Amino acid sequence: MSDRIIPIGGQNYVYKAYKGSPQPVKDARVEKVMSQLTPAAFGAEIASLLASSHAKNDNTPTRTTSNSAAGQAVREYMETQRLADLELLPADKTTFQYGSSESRNVVAIMRGSDKKSNDWVLVGAHYDSIPSSGPAPGVEDNGSGTAVMLMVARSFRQAAYEPRIDIWFVGFGAEEQGLIGSKSFLATIPESKRKTLKGAFIMDMVSHTPKKEMLLESSKDAAAQDVATLMAQAALDHTDLKPFISSMYADSDHETFLNAGLPAALAITGEWDKYQCYHQSCDTIEEAQREDPHFREVGAATARLIAASLMKSAS
């Protein structure tokens, strides 16, 4: 594979092809989880996620931060139908202000078996969408990442998987307004707790890549690079995705963690910049299917990548 160069904000972002080799994983726990992360499961999850906000919003497909009814509906869906049997942080711990408006993160914790450990890992995706008015279905950006997060949480519970350390599942609000949700989340985490974070696995736009390329953005920090490398190896071990790693980063919730010196990496598809309905009202399931007939397969592959990375780091 050749390295990738993508112009972003006046800079050329270099993504180096990961040169590892697949390493067969023979672990019944992993196999049980992986068996549930199918293209059909991804398709069903993203359809349910979109439908969750429509019925309470005059059937307008949107999760835009400026629409409080839509935001509340999708948060209720995540908390009552997908994450209810995990430890949910209450609204007074997750609500934040931005300007004259208000939004909230969704935070659910799967407790680990080692009660003496303060270590933790995090998987996160922003659930809000744009445009700020009219339809904003946000299938690729970022219904795809949110659906993967919910799929992984569900597969862990159904497989009766118990991590050794805590896994935090976080749906960030108001990412499109400037990473406000992730900044608010991190502001609530004391320094002593930050120091025990073993990795933040962030997803944004993870189902559109006709070439099946997955970009993994991190920083030059060694611990952060370890997170990206772990994800790249998981891609080789459990999917047919082609991983690329960059030490340049910007413009999604991983930036919040990396700027704070914490180990984090972003998964984003290799052709996100070619998606014709990026940040538009046409970002629908039908359009995602038209531009990449394998978008359900890619979404499921991302779920396997994330699940394997979490199981490795939380063991």
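Above this text sits the structure in question.
What you see as residue numbers is a count from 1 along each chain, following the sequence as written. Side-chain atom pairs in this predicted model are given and counted only at pLDDT of 80 or more, local residue features only at pLDDT of at least 70, and totals for whole chains, interfaces and linings cover all residues. Side-chain descriptors were evaluated using all non-hydrogen atoms of the structure, hydrogens and water having been removed beforehand.

> Looking at this structure, I do not really get the nonpolar core. What am I missing?
Considering soluble globular proteins, one finds that nonpolar side chains tend to be buried as a cluster. We call a set of buried residues a nonpolar core when its members are Ala, Val, Leu, Ile, Met, Phe, Trp, Tyr or Cys and they connect through side-chain atoms within 4.5 Å of each other. Accessible area is worked out with a 1.4 Å probe on protein chains only. A residue is then buried under 20% of its type maximum, exposed over 50%, and partly exposed in between. In this structure, Val152, Phe156, Ile167, Phe169, Met231, Ile306 and Leu310 are the most contacted members of the largest nonpolar core, which totals 65 residues. By definition, residues are in contact when any of their heavy atoms lie within 4.5 Å. Setting aside its immediate chain neighbours within four residues, Met231 contacts Phe201, Leu216, Ala265, Ala267, Leu305, Ile306 and Ser309. Of all hydrophobic cores here, the second largest spans 30 residues; its members include Trp120, Phe172, Ala224 and Trp272.

> Quick question: what am I supposed to make of helix 8 (residues 222–238) here?
Think of an α-helix as turning once every 3.6 residues; residues three or four places apart then point the same way. The way it works is that DSSP assigns letters per residue, a run of H or I at least four long becomes a helix, a run of E at least two long becomes a strand, and they are numbered from the N terminus. The span expected for a helix works out to 1.5 Å for each residue beyond the first. Between its first and last C-alpha atoms helix 8 spans 24 Å; for 17 residues at 1.5 Å apiece the expected length is 24 Å, and the two agree. The definition of a polar contact used here is a pair of N or O atoms within 3.5 Å, where within protein one atom must be able to donate a hydrogen and the other to accept one, and adjacent residues in sequence count solely through side-chain atom pairs. For helix 8, the side-chain oxygen to backbone nitrogen distance between the N-cap and Ala223 is 3.1 Å, and the N-cap itself is Asp221.

> Please clarify how the environment of Ile5 should be interpreted in this entry.
With respect to the helices, strands and loops of the structure, Ile5 is situated in strand 1 (residues 4–8). The class for Ile5 is exposed, based on a relative accessible area of 54%. Those residues within four positions of Ile5 in sequence are excluded, and the remaining contacts are Asn12, Tyr13 and Val14.

> Quick question: what am I supposed to make of the side chain of Glu175 here?
Mapped onto the secondary structure, Glu175 falls in the loop between strand 8 (166–172) and helix 6 (180–187). Here Glu175 occupies a buried position and makes no salt bridge, while the nearest side chain of opposite charge, Arg63, is found at 10.0 Å. Non-local contacts of Glu175, meaning those with residues more than four positions away in its chain, are made with His126, Asp128, Asp204, Asp251, Ser252 and Asp253. Here the positive residues are Lys and Arg and the negative ones are Asp and Glu; neither His nor the chain ends is included. Here, a salt bridge means any side-chain nitrogen of Lys or Arg that lies within 4 Å of a carboxyl oxygen of Asp or Glu.

> I keep staring at unusual backbone geometry and nothing clicks. Help me out?
Glycine aside, negative phi is the norm for most residues, and most peptide bonds take the trans geometry. Going from Ile130 to Pro131, the amide bond is cis rather than trans, its omega being 15 degrees. Tracing the backbone through its elements, the reader meets Pro131 in the loop between strand 7 (120–126) and helix 5 (139–158). Residue Asn142 is reached from Asp141 by a cis peptide bond, and omega for that bond is 0 degrees. Structurally, the position occupied by Asn142 is in helix 5. Backbone geometry places Ala174, a non-glycine residue, at a positive phi of 50 degrees. The residue Ala174 is located in the loop between strand 8 and helix 6 in this model. On the basis of relative accessibility, which here comes to 0%, the residue Ala174 falls in the buried class.

> Even after reading the chapter, I still don't get the pairing of strand 7, so can you show me in this structure?
Walk down a regular strand and you will see the side chains alternate between the two sheet faces. Of all seven residues that make up strand 7, seven are buried, and the element is covered over most of its length. Neither face of strand 7 is open: one carries Trp120, Leu122, Gly124 and His126, the other Val121, Val123 and Ala125, and all of them are buried. Relative to strand 8, strand 7 runs parallel, the two being bridged by seven bridges. What sits directly across from Ala125, in strand 8, is Gly171. In terms of handedness, the path from strand 7 via helix 5 over to strand 8 forms a crossover that is right-handed. By the convention used here, strands pair only if DSSP detects at least 2 bridges between them. Crossover handedness is defined here as right-handed if the route from the first strand over the helix to the second strand goes clockwise, with the strands pointing away from the viewer.

> Explanation requested: the packing of helix 3 (residues 68–82) against helix 5 in the structure shown.
A pair of packed helices is characterised by two quantities: the angle between their axes and the separation of those axes. Each axis is a line fitted through C-alpha atoms, taken for helices only over the stretch in contact, and angles between the N-to-C directions span 0 to 180 degrees. Look at helix 3 against helix 5: their axes get within 11 Å of each other, and the N-to-C directions meet at 15 degrees. Between helix 3 and helix 5, the interaxial angle falls into the category roughly parallel. Helix 3 and helix 5 meet at a crossing whose hand is right-handed. In this structure, helix 3 contributes Tyr77, Met78 and Arg82 to the contact, and helix 5 contributes Thr146, Leu150, Arg154 and Arg157. In these notes the angle categories are as follows: under 35 degrees is roughly parallel, over 145 is roughly antiparallel, 65 to 115 is roughly perpendicular, and the rest is oblique. Should the near helix be turned counterclockwise from the far one by less than a right angle, the crossing is left-handed, whereas a clockwise turn marks it as right-handed.

> Which parts of the structure should I look at to understand the pattern of salt bridges?
Once their charged atoms are close, side chains differing in charge can pair, the charge on each being opposite to the other. This model, assessed by the stated rule, comprises 13 salt bridges. One salt bridge connects Arg82 with Glu45, and the closest N-O pair in it is separated by 2.8 Å. Residue Arg82 is found in helix 3, and its partner Glu45 is found in helix 2 (residues 39–54); the two are separated by 37 residues along the sequence. When sorted by exposure, Arg82 lands in the same class as Glu45, which is buried. In this structure, the salt-bridge partner of Lys274 is Asp273, at a minimum N-O distance of 3.3 Å. Using a relative accessible area of 31% as the deciding quantity, one classes Asp273 as partly exposed. Among the charged side chains, a salt-bridge network with shared partners connects Glu87, Arg111 and Asp166.

> How should I be thinking about the packing of helix 2 against helix 11 (residues 295–313) in this particular structure?
Interhelical geometry of helix 2 versus helix 11 gives an angle of 95 degrees and a closest axis separation of 8 Å. With respect to helix 11, the element helix 2 is oriented roughly perpendicular. On helix 11, the residues touching Pro39, Phe42 and Gly43 of helix 2 are Phe295, Arg296, Glu297, Gly299 and Ala300.

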